[in-house]
Amino acid sequence: QYFNELYYLLEKYTSFIPSATNVYPDISLFDHSKTTAALASILSQLTKEEKHTGPEFILYGGDISGIQDYIFRISRAQGVGGIAKRLRGRSFYVSMLSEVLSRYLVRNLGLTIVNINFCGGGNFELILPNTEKTIKVLTEFEVKVNDWLLQEFGGNLDFVGAWVEMAKKELLNTFSDKKNELGDSLSFSKLRKYRTHLSTNDFWIEKNSNEALSICPSCNINSIAREEAICERCSLDK
């Protein structure tokens, strides 16, 4: 809590202060301090790793796919009021979802919000230490997130992640190339959505119910009891 308070105070008061005065600066003092803190936290973790070899950093990208279809699907609903309100609700929900996922990930790795390079539009980019723990957490993270997205959204939203390793020299000299490499990896991952689930047998088991069910007239996805007007998810959006 103290760290986050300090972070936002620095953002408020140093975002328009130049990072240097002896040269023509192109970034603010806040961005310079944020990046420095992120790299320092990574190098601090690496010093605790025994026999660490190879690139020091991981550039990780996460992307929530299917956002536009998910948000605007309810605009085609007939005879259900409050569509504009639910559209705004869904848009806000998705923007918060990427924020929560990125913070959940850095917290599990013992890092802070300074390690979030970018977050917005359903995707985020993190800079992380290249350790065995990080690789394990990232691999499990995608499975857990897609488990939850399948349960909550029935496959309308899915999550893909990718990462590239990066040495100190590459961070200094060819960072843009690494970002392009990460973008290519993410694009490839998007062509293999739910690859972590499609190979499991229980993914294909159909669930039968004896209840009298109907389809929600708002989203045309979720099942509802016949006496209900709209599903729980659409009510939450509203």
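First, a word on what this report is: a plain description of the structure on this page. Computed from a predicted model, the values in this text were never measured in an experiment.

## Examining the pairing of strand S4 (residues 158–166)
Stage number 1. Most of S4 is tucked away, with seven of its nine residues classed as buried.
Stage number 2. Pairing geometry for strand S1 (residues 57–65) and S4, over nine bridges, is antiparallel. Bridge assignment links glycine 62 to a residue of S4, and that residue is glycine 161.

## Notes on the sheet that holds strand S3 (residues 123–129)
Stage number 1. With antiparallel pairing, four strands are arranged side by side in an open sheet as S2-S3-S1-S4. Unpaired on one side and paired on the other, strand S2 (116–120) and S4 mark the two borders of the sheet. Within the sheet, the average angular offset between the axes of one strand and its neighbour, ignoring direction, is 20°.
Stage number 2. Direction of pairing for S2 relative to S3: antiparallel, over a ladder of four bridges. If you follow isoleucine 116 over to S3, its bridge partner there is leucine 126.
Stage number 3. Lying on the sheet, helix H2 (residues 29–47) is in contact with S1, S2 and S3; it crosses S3 at an angle near 45°.
Stage number 4. The sheet strands contacting helix H5 (residues 132–153) are S1, S3 and S4, and the helix crosses S4 at an angle near 170°.

## Topic: the environment of lysine 133
Stage number 1. Along the chain, lysine 133 falls in helix H5.
Stage number 2. Overall, lysine 133 belongs to the partly exposed group, its relative accessible area being 47%.
Stage number 3. Sequence separation of lysine 133 and leucine 109 is 24 residues, and the distance between their C-alpha atoms is 7.8 Å.
Stage number 4. In this structure, lysine 133 is in contact with Asn108 and Leu109, ignoring residues within four places of it in sequence.

Each value, and the rule that gives it
- Residues numbered from 1 in each chain as written.
- Predicted model: local features only at pLDDT ≥ 70, side-chain atom pairs only at ≥ 80, totals over all residues.
- Heavy atoms only, no water.
- Buried < 20%, exposed > 50% of the residue type's maximum accessible area, 1.4 Å probe, protein only.
- Helix = DSSP H or I, 4+ residues; strand = E, 2+ residues; numbered from the N terminus.
- Pairing = 2+ DSSP bridges.
- Axes fitted to C-alpha atoms, helices over the stretch in contact; angles between N-to-C directions.
- Contact = heavy atoms within 4.5 Å.

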